[in-house]
Amino acid sequence: MSAHERLAELKDRLDTRTRLMQDVAHELKNPLAVIHGYASYLLKESVTPEERLKCLRSVLANAERLIGLVDQLQEAVRLEAGGFTVETQVVEGSALLQNALESAELEASSRGIHLAWRSPIGDPLHVKADPRRVLQIFANLLSNALKFTPAGGSVDVVAHRDGPFVRFSVVDTGPGIPAEDLPLLFDRFFQTPDNPKKRQGLGLGLAICKDLLAAQGGRIWVESLPGEGSTFHFTLPAAPVPTENLTR
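Residues numbered from 1 in each chain as written. Predicted model: local features only at pLDDT ≥ 70, side-chain atom pairs only at ≥ 80, totals over all residues. Heavy atoms only, no water.

Engineer: What is the right way to look at helix α4 (residues 131-148) in this model?
Structural biologist: Given 3.6 residues per turn, any residue in an α-helix points the same way as the ones three and four places further on. End to end, α4 covers 26 Å across 18 residues, agreeing with the expected 26 Å (1.5 Å per residue, within 8%). Buried within α4 are the following residues: Pro131, Arg133, Val134, Ile137, Phe138, Asn140, Leu141, Leu142, Ala145, Leu146 and Lys147. For α4, the side-chain oxygen to backbone nitrogen distance between the N-cap and Arg132 is 3.1 Å, and the N-cap itself is Asp130. (Helix = DSSP H or I, 4+ residues; strand = E, 2+ residues; numbered from the N terminus. Expected span 1.5 Å × (residues − 1). Buried < 20%, exposed > 50% of the residue type's maximum accessible area, 1.4 Å probe, protein only. Polar contact = N/O pair within 3.5 Å; in protein donor to acceptor, adjacent residues only side chain to side chain.)

Rendered as structure tokens:
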């Protein structure tokens, strides 16, 4: 590589880093501005109890959003540095599915979206995985699916054996993803550019999912066509049914 090419590469990296910092600052500033605005409003003596409750709910929601953003940044840094751990054990896949969907049911209901799951009858789906990390992966994929699926649509989770793995698939009836964006979805900080109203994060969730699955011997990929929804698949190593000490 020539000196000129090296200089151009460094400039591209600096430009990318600058844009990422601007995106991070923007995403952190939005909820902070809401919190500041409502906190200032609460200082008025004329605030009614109903208005106060509304303000406090918004402050809490935006504080939780901030915490989530900071958690994602910290997780991304740990993953980048290799400073994270997974604690794998034999887990019943259907129990993980049930826990994940129970956590997403309220959001699905509030958005008017049908949420369901299915797995082969009589076929126990045990995996070797870190339950906490798998629920983190499910939470991210389900949150994305619900965010992009319009009211009246559906989000389904499917599980089945796939050779030496168990495959989980999150299927939505959203707008789909352009073909040119598919190879970039699991890159850090990437967000689909044609959905500015849906950009309420740092573009780290899918990259974190990819790293967490790799650490557990699995992988993640997506199939999507514009106008036909999206399906995110991920796999985890299948495990034999344990005779005792099964984690549920």
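Now that the structure has been shown, we can carry on.
Engineer: Sorry, what's going on with the packing of aromatic side chains here?
Structural biologist: The description of two aromatic rings rests on the distance between their centres and on the angle between their planes. Per the stated rule, a full pass over the model turns up four aromatic pairs. Residues Phe138 and Phe234 carry aromatic rings whose centres are separated by 5.2 Å and whose planes lie at 70° to one another, so their mutual orientation is edge-to-face. Pair noted here: Phe138 is in helix α4 and Phe234 is in strand β7 (residues 230-237), with a separation of 96 residues, a long-range link. On the accessibility criterion, Phe138 (0% relative accessible area) is buried. Every member of this aromatic cluster is reached through a ring pair, and the members are Phe138, Phe168 and Phe234. In this structure, Arg219 is placed above the aromatic ring of Trp221, and the distance from its NZ or CZ to the ring centre is 3.9 Å. (Phe/Tyr/Trp six-rings, centres within 6.5 Å; stacked < 30°, edge-to-face > 60°. Lys NZ or Arg CZ within 6 Å of the ring centre and 35° of its normal.)

Engineer: It is not clear to me how the pairing of strand β5 (residues 165-172) should be interpreted in this structure. Could you clarify?
Structural biologist: A regular strand carries its side chains on alternate faces of the sheet. Note: strand β4 (residues 154-162) against β5, eight bridges, orientation antiparallel. Its bridge partner being in β5, Asp162 is matched across the sheet by Phe165. From the end of β4 to the start of β5, which pair antiparallel, there are two residues, and Gly163 there has a positive phi angle of about 65°. Across eight bridges, β5 lies against β7 in antiparallel orientation. Residue Arg167 lies in a different strand from β7, and its bridge partner there is Thr235. (Pairing = 2+ DSSP bridges.)

Engineer: How should I be thinking about the packing of α4 against helix α5 (residues 205-215) in this particular structure?
Structural biologist: Between two packed helices, the angle of one axis relative to the other and the distance separating the axes together describe the packing. Direction vectors running N to C along α4 and α5 enclose 150°, while the axes themselves pass 10 Å from each other. The angle between α4 and α5 falls in the class roughly antiparallel. Here α4 and α5 pass one another in a crossing that is left-handed. Taken together, the residues of α5 that come into contact with α4 (itself represented by Arg133, Gln136, Ile137, Asn140, Leu141 and Asn144) are Gly205, Leu206, Ile208, Cys209, Leu212 and Leu213. Residue classes in the contact of α4 with α5 are distributed as seven nonpolar, four polar and one charged. (Axes fitted to C-alpha atoms, helices over the stretch in contact; angles between N-to-C directions. Parallel < 35°, antiparallel > 145°, perpendicular 65-115°, else oblique. Left-handed = near helix turned anticlockwise from the far one by under 90°. Contact = heavy atoms within 4.5 Å. Nonpolar A, V, L, I, M, F, W, Y, C, P; charged D, E, K, R; others polar.)

Engineer: Is there a simple way to explain the packing of helix α3 (residues 93-111) against α4 in this structure?
Structural biologist: Taken N-terminus to C-terminus, the directions of α3 and α4 make an angle of 25°; their axes are 9 Å apart at the nearest point. Relative to α4, α3 is oriented roughly parallel. As α3 packs across α4, the resulting crossing turns out to be right-handed. Listed contacts from α4 to Leu96, Leu97, Asn99, Ala100, Leu101, Ala104, Glu107, Ala108 and Arg111 of α3 are Pro131, Val134, Leu135, Phe138, Leu142, Ser143, Leu146 and Lys147.

Engineer: Explanation requested: the side chain of Asp130 in the structure shown.
Structural biologist: With respect to the helices, strands and loops of the structure, Asp130 is situated in the loop between β3 (126-129) and α4. Arg133 provides the closest opposite charge to the buried, salt-bridge-free Asp130, at an N-O distance of 4.7 Å. Here the side chain of Asp130 touches Arg132 through a polar contact of 3.1 Å, landing on its backbone nitrogen. Not counting residues up to four positions away in its chain, the partners in contact with Asp130 are Thr85, Val86, Glu87, Thr88 and Gln216. (Lys, Arg positive; Asp, Glu negative; His and termini not counted. Salt bridge = Lys/Arg side-chain N within 4 Å of Asp/Glu carboxyl O.)

Just distances and angles here, no functional claims.
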